[in-house]
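# Structural overview
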Amino acid sequence: MSNIKISCKNFNFYYGDTRALNDISIEINKNEATALIGPSGCGKSTFLRSLNRMNDIIPGTWIEGTVLIDGQDIYDRNVDVVDLRRRVGMVFQKSNPFPKSIFDNVAYGLRINGEKNKTVINDIVEQSLKDAALWDEIQDRLNDSAMELSGGQQQRLCIARALAVKPEVILMDEPASALDPLATAKIEELIFKLKEKYTIVIVTHNMQQAARVSDYTAFFYLGELIEFGETDQLFTKPKLKRTEDYVTGRFG
């Protein structure tokens, strides 16, 4: 059985006439964390959002090439995009809890997917909060507003919300960039645990974070995938000078 979860071949992404991603080919393994690094505007987030078609909501965007998840082309016209986004969850840079209770935030996706059994919902909410390393802190406050949580707790709540609908892949777009060092450390510990169950792709500006949490790292520059490999190798013995210059801080 193949260990590959996501396979992109000759993938190009356009905003109108502007090509934002140029001929990206990459294979991402199951149950591993893959970090996407590179300077601002290099295409990391555009690529990340291509993996669950979040870019579809931007008018005038179009693609060439293929993105396969478990061998299925996610850009095939028969693909149910709502189901795709359930399977490929997303955690954004800025935590975005709904102005509802903590419980209702996590239960939201279950309910819109038609789950009505209260016992099932209660069990999944509890498990998702445990998996997001938040349960112990908030188990007595499930009816409180999510807006009362700290920034780090809100971000973990958004992770729990993504987990509740049983995704296979979790995309994270700089999930810790707005957090203090302690909250960041909790998110990083969480990524380590989550990859036992999920495939994780994370965009980060923080080189140390990429080195700490990921198994593989992809270096993007000006819309191109410059180098991709095991994280230790890419940071200590990169094959290309441009990668070395970036990871050692000579540019970027």
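Read on for a plain summary of the structure. (Residues numbered from 1 in each chain as written. Predicted model: local features only at pLDDT ≥ 70, side-chain atom pairs only at ≥ 80, totals over all residues. Heavy atoms only, no water.)

### Focus on the side chain of Ser128
To keep things clear, this is the line we draw: Only DSSP runs of H or I with at least four residues qualify as helices, and only runs of E with at least two residues qualify as strands; both kinds are numbered from the N terminus onward. Whether two residues are in contact is decided by their heavy atoms: any pair within 4.5 Å suffices.
Mapped onto the elements, Ser128 comes out in helix α4 (residues 118-131). In contact with Ser128, not counting residues within four places along its chain, are Val106, Ala160, Leu163 and Ala164.

### Some thoughts on the sheet that holds strand β5 (residues 72-73)
Short version of the rule: Strands were regarded as paired on the criterion that DSSP finds at least two bridges between them.
Strands sit in the order β2-β1-β4-β5 across an open sheet of four strands; the sheet is antiparallel. The open sheet has two free edges, formed respectively by β2 (18-29) and β5, since each of these has just one partner strand. Relative to strand β4 (residues 61-69), strand β1 (residues 4-15) runs antiparallel, the two being bridged by eight bridges. Each residue of the ladder has a partner; that of Asn12, found in β4, is Glu64.

### Quick look at unusual backbone geometry
One non-glycine residue, Asp23, adopts positive backbone phi at about 55 degrees. We note that Leu222 has phi near 50 degrees; this positive angle belongs to a residue other than glycine. Residue position: Leu222 is located in the loop between β9 (216-221) and β10 (224-230).

### Let's talk about the packing of helix α6 (residues 151-164) against helix α7 (residues 181-194)
Our working rule: The angle between two axes is taken between their N-to-C directions and runs from 0 to 180 degrees, where each axis is a line fitted to C-alpha atoms and a helix contributes only its stretch in contact. Small angles under 35 degrees read as roughly parallel and large ones over 145 as roughly antiparallel, with 65 to 115 read as roughly perpendicular and the rest as oblique. The sense of a crossing depends on the near helix, which, turned anticlockwise from the far helix by less than a right angle, makes the crossing left-handed and, turned clockwise, makes it right-handed. Each residue gets one label: Ala, Val, Leu, Ile, Met, Phe, Trp, Tyr, Cys and Pro are nonpolar, Asp, Glu, Lys and Arg are charged, and the others, such as Gly, are polar.
Two elements in contact, α6 and α7, have axes whose closest approach is 9 Å; the angle formed by their N-to-C orientations is 20 degrees. With respect to each other, α6 and α7 are oriented roughly parallel. The two elements α6 and α7 cross, and the hand of that crossing is right-handed. Between α6 and α7, the residues in contact are Gly152, Gln155, Arg156, Ile159 and Leu163 and Ala183, Lys186, Ile187, Leu190 and Leu194, respectively. Here the contact of α6 with α7 is built from residues that sort into six nonpolar, two polar and two charged.

### Regarding the environment of Ile57
Worth spelling out the cut-off: Categorising residues by exposure relies on relative accessible area from a 1.4 Å probe, with only protein chains included: less than 20% of the type maximum marks a residue as buried, more than 50% marks it as exposed, and the intermediate range marks it as partly exposed.
Residue placement: Ile57 occurs in the loop between α1 (44-50) and β4. The exposure class assigned to Ile57 is exposed, which follows from its relative accessible area of 63%. With 150 residues separating them along the chain, Ile57 and Met207 place their C-alpha atoms 30 Å apart.

### Some points on the packing of aromatic side chains
For clarity, the threshold we go by: Stacked, edge-to-face and tilted labels apply to pairs of Phe, Tyr and Trp rings (six-membered ring for Trp) whose centres lie within 6.5 Å, assigned for plane angles under 30 degrees, over 60, and everything in between, in that order. Any Lys NZ or Arg CZ found within 6 Å of a ring centre and within 35 degrees of that ring's normal is scored as a charge over the ring.
Scanning the model with the defined rule gives seven aromatic pairs in all. A centroid spacing of 3.9 Å and a plane angle of 5 degrees characterise the contact between Tyr14 and Trp62, whose relative ring orientation is stacked. Pair noted here: Tyr14 is in strand β1 and Trp62 is in strand β4, with a separation of 48 residues, a long-range link. Tyr14 gets classed as buried once you look at its relative accessible area, which sits at 10%. The partly exposed category is assigned to Trp62, whose relative accessible area is 39%. Considering the side-chain rings of Phe219 and Tyr246, the 5.0 Å spacing of their centres and the 20 degrees angle between planes classify their relative orientation as stacked. Of this pair, Phe219 sits in strand β9 while Tyr246 sits in helix α10 (residues 241-247), and the two are 27 residues apart along the sequence. According to the relative accessible area criterion, Tyr246 is buried, its value standing at 4%. Taking NZ or CZ as reference, Arg161 lies 4.1 Å from the ring centre of Phe98, over its face. Lys195 extends its terminal NZ or CZ atom over the ring of Phe192, reaching a point 4.3 Å from the ring centre.

Shape is all these values report; function is a separate question.
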